[in-house]
Amino acid sequence: MWYHNRWKRKLAEFEEAVEGRDPLLVEAYSYLTKIQLRNCVKFCEAVINDCGAYVQIKKVERKPRKVKAVPPEKRASKFKYIAEFAELKLKGLAAASLVDKAEAWLYDTKKRKLIHLVADSHTQAFTIKNNSIIGYSTVETLQKTVRKPADVVKAIQAAGKPAARKIYKDLTTTETPWNARGTENLIILKAW
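1. Some remarks on the pairing of strand E7 (residues 142-145)
Here's step 1: Where strand E4 (residues 113-118) lies against E7, four bridges are found, and the strand directions are antiparallel. Residue pairing in the sheet places Lys-113 in a bridge with Thr-145 of E7.
Here's step 2: In this structure, E7 lies alongside strand E8 (residues 175-177), joined through three bridges in antiparallel fashion. Its bridge partner lying in E8, Gln-143 is registered against Thr-176.

2. Regarding the nonpolar core
Here's step 1: Of all hydrophobic cores here, the largest spans 20 residues; its most connected members are Leu-98 and Ile-133.
Here's step 2: Here this core takes three residues from strand E9 (residues 186-191), the largest share from any one element.
Here's step 3: Setting aside its immediate chain neighbours within four residues, Ile-133 contacts Phe-79, Leu-98, Leu-117, Phe-126, Thr-127, Ile-128, Trp-178 and Ala-180.
Here's step 4: Counting residues in each nonpolar core, the second largest holds 18 residues, with Ile-82, Leu-114, Val-152 and Leu-189 among its members.

3. Thoughts on the pattern of salt bridges
Here's step 1: Going through the model one piece at a time under the given rule, you end up with six salt bridges.
Here's step 2: For Arg-21, the salt bridge is made with Glu-19, and the minimal N-O distance between the two is 2.3 Å. By the burial criterion, Arg-21 is exposed, and Glu-19 matches it.

4. Quick look at the side chain of Ser-137
Here's step 1: Relative to the assigned elements, Ser-137 resides in the loop between strand E6 (132-134) and E7.
Here's step 2: With a relative accessible area of 7%, Ser-137 lands in the buried category.
Here's step 3: If near-sequence neighbours (up to four positions away) are discounted, Ser-137 is found in contact with Val-118, Ala-119 and Asp-120.

Rules used in this analysis
Residues numbered from 1 in each chain as written. Predicted model: local features only at pLDDT ≥ 70, side-chain atom pairs only at ≥ 80, totals over all residues. Heavy atoms only, no water. Pairing = 2+ DSSP bridges. Helix = DSSP H or I, 4+ residues; strand = E, 2+ residues; numbered from the N terminus. Core = buried A, V, L, I, M, F, W, Y, C linked by side-chain atoms within 4.5 Å. Buried < 20%, exposed > 50% of the residue type's maximum accessible area, 1.4 Å probe, protein only. Contact = heavy atoms within 4.5 Å. Salt bridge = Lys/Arg side-chain N within 4 Å of Asp/Glu carboxyl O.

Following this line, the structure appears as C-alpha coordinates:
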(Lines give C-alpha, C1' and ligand atoms only; values in the text may rest on other atoms or scores of the structure.)
Protein backbone atom coordinates (compact mmCIF):
# COMPACT_ATOMS: atom_id res chain seq x y z
CA MET A 1 0.00 0.00 0.00
CA TRP A 2 2.07 2.87 -1.35
CA TYR A 3 -0.28 5.59 -0.05
CA HIS A 4 -0.03 4.23 3.50
CA ASN A 5 3.79 4.37 3.43
CA ARG A 6 3.78 7.85 1.90
CA TRP A 7 1.62 9.21 4.73
CA LYS A 8 3.83 7.49 7.34
CA ARG A 9 6.90 9.22 5.92
CA LYS A 10 5.04 12.54 5.90
CA LEU A 11 4.00 11.96 9.55
CA ALA A 12 7.59 11.23 10.59
CA GLU A 13 8.73 14.42 8.85
CA PHE A 14 6.12 16.58 10.62
CA GLU A 15 6.96 14.99 13.99
CA GLU A 16 10.67 15.83 13.53
CA ALA A 17 9.75 19.40 12.59
CA VAL A 18 7.61 19.73 15.76
CA GLU A 19 10.44 18.37 17.96
CA GLY A 20 12.97 20.70 16.27
CA ARG A 21 15.87 18.20 16.05
CA ASP A 22 16.65 18.70 12.36
CA PRO A 23 17.52 22.34 11.55
CA LEU A 24 16.72 21.86 7.84
CA LEU A 25 13.18 20.68 8.59
CA VAL A 26 12.67 23.50 11.09
CA GLU A 27 13.67 25.99 8.41
CA ALA A 28 11.53 24.25 5.74
CA TYR A 29 8.40 24.46 7.91
CA SER A 30 9.16 27.85 9.46
CA TYR A 31 6.16 29.35 7.65
CA LEU A 32 3.89 27.20 9.94
CA THR A 33 3.31 27.85 13.62
CA LYS A 34 3.75 25.11 16.27
CA ILE A 35 -0.02 24.64 16.47
CA GLN A 36 -0.30 24.30 12.69
CA LEU A 37 2.51 21.69 12.72
CA ARG A 38 0.74 19.71 15.48
CA ASN A 39 -2.47 19.90 13.45
CA CYS A 40 -0.57 18.50 10.43
CA VAL A 41 0.63 15.60 12.62
CA LYS A 42 -2.96 14.92 13.75
CA PHE A 43 -4.17 15.07 10.15
CA CYS A 44 -1.52 12.55 9.01
CA GLU A 45 -2.47 10.21 11.86
CA ALA A 46 -6.15 10.49 10.91
CA VAL A 47 -5.37 9.70 7.26
CA ILE A 48 -3.31 6.62 8.25
CA ASN A 49 -6.09 5.37 10.56
CA ASP A 50 -8.74 5.91 7.88
CA CYS A 51 -6.64 4.02 5.33
CA GLY A 52 -6.36 1.09 7.73
CA ALA A 53 -10.11 1.14 8.45
CA TYR A 54 -10.91 1.26 4.73
CA VAL A 55 -8.72 -1.78 4.08
CA GLN A 56 -10.47 -3.70 6.87
CA ILE A 57 -13.90 -2.80 5.51
CA LYS A 58 -12.92 -3.92 2.02
CA LYS A 59 -11.61 -7.24 3.40
CA VAL A 60 -14.97 -7.88 5.08
CA GLU A 61 -17.00 -6.86 2.01
CA ARG A 62 -15.08 -9.15 -0.35
CA LYS A 63 -17.40 -11.76 -1.81
CA PRO A 64 -16.38 -15.40 -1.53
CA ARG A 65 -15.27 -17.06 -4.72
CA LYS A 66 -18.15 -18.55 -6.66
CA VAL A 67 -17.85 -22.33 -6.89
CA LYS A 68 -17.96 -23.47 -10.47
CA ALA A 69 -20.77 -25.95 -11.08
CA VAL A 70 -19.50 -29.37 -12.14
CA PRO A 71 -21.77 -31.09 -14.68
CA PRO A 72 -23.33 -34.40 -13.55
CA GLU A 73 -21.63 -36.30 -16.38
CA LYS A 74 -18.21 -35.29 -15.09
CA ARG A 75 -19.07 -36.11 -11.46
CA ALA A 76 -20.29 -39.57 -12.45
CA SER A 77 -17.53 -40.34 -14.96
CA LYS A 78 -15.66 -42.76 -12.65
CA PHE A 79 -18.75 -44.56 -11.29
CA LYS A 80 -18.81 -48.24 -12.35
CA TYR A 81 -22.10 -49.60 -13.67
CA ILE A 82 -23.53 -51.43 -16.69
CA ALA A 83 -25.85 -49.81 -19.19
CA GLU A 84 -27.80 -52.94 -20.05
CA PHE A 85 -28.19 -56.53 -18.89
CA ALA A 86 -29.10 -58.86 -21.77
CA GLU A 87 -30.09 -61.84 -19.62
CA LEU A 88 -33.12 -59.99 -18.18
CA LYS A 89 -33.42 -57.58 -21.13
CA LEU A 90 -32.78 -54.59 -18.85
CA LYS A 91 -31.68 -51.17 -19.99
CA GLY A 92 -30.41 -48.98 -17.19
CA LEU A 93 -29.95 -45.26 -16.75
CA ALA A 94 -26.65 -43.41 -16.98
CA ALA A 95 -24.72 -42.80 -13.75
CA ALA A 96 -25.23 -39.05 -14.20
CA SER A 97 -28.93 -39.59 -13.46
CA LEU A 98 -28.01 -40.35 -9.81
CA VAL A 99 -26.46 -36.92 -9.19
CA ASP A 100 -28.56 -34.65 -6.95
CA LYS A 101 -31.42 -37.14 -6.61
CA ALA A 102 -33.28 -38.14 -3.42
CA GLU A 103 -34.21 -41.75 -4.18
CA ALA A 104 -33.03 -44.44 -6.59
CA TRP A 105 -33.39 -48.14 -7.37
CA LEU A 106 -30.37 -50.20 -8.39
CA TYR A 107 -29.92 -53.88 -9.16
CA ASP A 108 -26.77 -55.98 -8.67
CA THR A 109 -26.93 -58.56 -11.48
CA LYS A 110 -24.25 -60.83 -10.02
CA LYS A 111 -25.61 -61.10 -6.45
CA ARG A 112 -29.30 -60.62 -7.46
CA LYS A 113 -29.63 -57.75 -4.95
CA LEU A 114 -32.25 -55.03 -5.32
CA ILE A 115 -30.92 -51.82 -3.74
CA HIS A 116 -33.15 -49.01 -2.49
CA LEU A 117 -30.96 -45.90 -2.29
CA VAL A 118 -32.34 -43.02 -0.15
CA ALA A 119 -30.80 -39.58 0.43
CA ASP A 120 -29.81 -38.42 3.92
CA SER A 121 -32.44 -36.26 5.62
CA HIS A 122 -29.94 -33.39 6.10
CA THR A 123 -28.53 -33.23 2.58
CA GLN A 124 -31.86 -34.08 0.86
CA ALA A 125 -29.90 -35.38 -2.17
CA PHE A 126 -27.03 -37.74 -2.87
CA THR A 127 -24.27 -37.33 -5.39
CA ILE A 128 -21.31 -39.24 -6.78
CA LYS A 129 -17.63 -38.84 -5.92
CA ASN A 130 -15.27 -41.15 -7.82
CA ASN A 131 -16.84 -44.63 -7.51
CA SER A 132 -18.87 -43.89 -4.36
CA ILE A 133 -22.25 -42.39 -3.67
CA ILE A 134 -22.14 -39.75 -0.93
CA GLY A 135 -24.95 -38.07 0.96
CA TYR A 136 -27.07 -41.21 1.30
CA SER A 137 -28.82 -42.43 4.46
CA THR A 138 -26.95 -45.38 5.98
CA VAL A 139 -30.11 -46.38 7.89
CA GLU A 140 -32.66 -46.24 5.06
CA THR A 141 -30.45 -47.42 2.18
CA LEU A 142 -30.83 -51.19 2.15
CA GLN A 143 -30.60 -54.13 -0.22
CA LYS A 144 -32.55 -57.38 -0.50
CA THR A 145 -31.89 -60.55 -2.46
CA VAL A 146 -34.45 -61.12 -5.21
CA ARG A 147 -35.69 -64.69 -5.83
CA LYS A 148 -37.46 -63.96 -9.13
CA PRO A 149 -35.43 -61.09 -10.60
CA ALA A 150 -37.21 -60.96 -13.96
CA ASP A 151 -40.61 -60.26 -12.38
CA VAL A 152 -39.49 -57.98 -9.54
CA VAL A 153 -37.11 -55.79 -11.55
CA LYS A 154 -39.66 -55.30 -14.36
CA ALA A 155 -42.29 -54.35 -11.74
CA ILE A 156 -39.89 -51.83 -10.11
CA GLN A 157 -39.12 -50.26 -13.49
CA ALA A 158 -42.81 -49.89 -14.32
CA ALA A 159 -43.88 -48.61 -10.89
CA GLY A 160 -43.83 -45.14 -9.40
CA LYS A 161 -42.28 -44.19 -6.06
CA PRO A 162 -44.93 -45.52 -3.63
CA ALA A 163 -45.62 -48.66 -5.67
CA ALA A 164 -41.89 -49.46 -5.92
CA ARG A 165 -41.53 -49.07 -2.15
CA LYS A 166 -44.45 -51.47 -1.63
CA ILE A 167 -42.93 -54.05 -4.00
CA TYR A 168 -39.64 -53.79 -2.11
CA LYS A 169 -41.37 -54.06 1.27
CA ASP A 170 -43.26 -57.19 0.13
CA LEU A 171 -39.99 -59.03 -0.58
CA THR A 172 -39.50 -61.60 2.19
CA THR A 173 -35.70 -61.80 2.08
CA THR A 174 -33.46 -60.23 4.71
CA GLU A 175 -32.45 -56.58 4.43
CA THR A 176 -28.74 -55.79 4.58
CA PRO A 177 -26.90 -52.44 4.42
CA TRP A 178 -25.27 -51.37 1.17
CA ASN A 179 -21.71 -49.99 0.88
CA ALA A 180 -22.65 -47.37 -1.79
CA ARG A 181 -19.88 -48.37 -4.19
CA GLY A 182 -20.30 -48.94 -7.90
CA THR A 183 -19.45 -52.30 -9.50
CA GLU A 184 -19.34 -53.72 -13.01
CA ASN A 185 -22.54 -55.65 -12.18
CA LEU A 186 -24.67 -52.71 -11.06
CA ILE A 187 -27.52 -51.43 -13.19
CA ILE A 188 -29.43 -48.23 -12.41
CA LEU A 189 -33.16 -48.86 -12.72
CA LYS A 190 -34.77 -45.59 -11.57
CA ALA A 191 -33.79 -42.29 -9.97
CA TRP A 192 -35.94 -39.42 -8.61
